[in-house]
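Each chain, written out:
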Amino acid sequence: MPTLIEDELDTIPTFNSTSTHTPTMTQATPTFLHPAKPQSYLDADWGDENILGIGESLTRILPPEKGATRFALLTYIVPAKKEFIHYINSAGKLSVVRCHTRRSAKYSVLELAECCQVLKNVPMMDSQFRLVALALKYMNADPKTGRYATPKGGHPDIQFEIGYVQLTANGFREIVSEVRGLEIEGATNPEEYDFIMMPRESGKGQTYKIAAKSGSKALYLSQPELVAQVREAAAPFADGAALEKLLGKAVSKDEMNVLLKGVSVSSAAITNPADIDNTDDL
Ligand SMILES: [Zn+2]
């Protein structure tokens, strides 16, 4: 029998029939084991939510190729985050970094930084606005329409996952104008409603519509136990750290210069289109 290294065990599907590793049941197993009492801060507990949250990353919510995804924004738990970023293909390596250009409160350029001067005319690498928001994805909504069949007098059985939506300035405008378009006095909070995300007809990027034109509130909000589950599932992301990571790397001026030196303008186009997922504005 080959020697197994611990971490490789997962990748070995089955033992063959000549294996001598036959399970034996010679000892009775106790029904319950009680975990040892923690004695110092070094002791870990299998139920520790904080450990479960370490390095946990978020999945982007996207619609199926020819369908719709229903989601609700969780910006009452953590604010959406925004930044101008650059994709930089430098010396064959793709990085996403935060732009150094100074902008006014209205986003007009105050002083064009080196990154924008160099990358302004390089295909796909000019600065672009990115906004990311924590959101709930309705996993069992109709994949064509994003709708739920509601049983009479009852609530739909909702399954959800926590993820994030990534918006361009266009997407942001769509969400805001959908909410302002409701005929409800004072409707201004997108987090109160469900949205349907669909691929744009052009095939590039996504488009957003409010799920109920009547202004009905987000489906999950009418089930208090579901609201509690959503809060619990979203808790590891409430500090905003996972969202901030999605806004690219903050690099120093020196690090940026090294990256920019590695950009070859003639062959600069990013070669792997799968790496470009923010294409609304392109
Ligand atoms: Zn820049």
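J.: Describe the overall build of the chain, naming the residues involved and giving the relevant values.
T.: From N to C terminus, the chain includes 6 helices and 9 strands. Looking at the chain as a whole, 22% of its 282 residues are labelled buried. For the chain, contacts bridging at least 24 residues in sequence account for 73% of all contacts bridging at least 6.

J.: Describe the environment of Pro79, naming the residues involved and giving the relevant values.
T.: Residue placement: Pro79 occurs in the loop between strand E1 (69-73) and strand E2 (81-90). Taking the number of C-beta atoms within 10 Å as the measure of exposure, Pro79 has 11 and is therefore exposed. For the pair Pro79 and Gly240, spaced 161 residues apart in sequence, the C-alpha separation works out to 7.7 Å.

J.: Account for the pairing of strand E3 (residues 93-98), naming residues and giving values.
T.: Pairing of E2 with E3, which is carried by 6 bridges, proceeds in the antiparallel orientation. Bridging across to E3, Ser90 finds its partner in Lys93. The hairpin formed by E2 and E3 contains 2 residues between the paired strands, and Ala91 there has a positive phi angle of roughly 50 degrees.

J.: Any chance you could break down the nonpolar core for me, citing the residues and the numbers?
T.: Among the nonpolar cores identified, the biggest contains 33 residues, and Phe71, Ala133, Leu134, Ala135, Leu136, Tyr164 and Phe195 are the most heavily contacted of them. Contributions of two or more residues to this core are made by E1, strand E6 (128-138), strand E7 (160-167), strand E8 (194-199), strand E9 (206-210) and helix H5 (241-245). For this core, the element with the highest residue contribution is E6, accounting for 6 residues. Apart from residues no more than four positions distant in its own chain, Ala133 is found in contact with Leu73, Thr75, Ala80, Tyr164 and Val165. Counting 14 residues, the second largest nonpolar core, distinct from the first, contains Ile88, Cys99, Met124 and Met125.

J.: Provide a residue-level description of the pairing of E2, including the pertinent values.
T.: As paired strands, E2 and E6 are joined by 5 bridges and run antiparallel to one another. Its bridge partner being in E6, Phe84 is matched across the sheet by Phe129.

Parameters at a glance
Residues numbered from 1 in each chain as written. Predicted model: local features only at pLDDT ≥ 70, side-chain atom pairs only at ≥ 80, totals over all residues. Helix = DSSP H or I, 4+ residues; strand = E, 2+ residues; numbered from the N terminus. Buried ≥ 20, exposed ≤ 12 C-beta atoms within 10 Å, placed from the backbone. Contact = placed C-beta atoms within 7 Å. Pairing = 2+ DSSP bridges. Core = buried A, V, L, I, M, F, W, Y, C linked by C-beta atoms within 7 Å.

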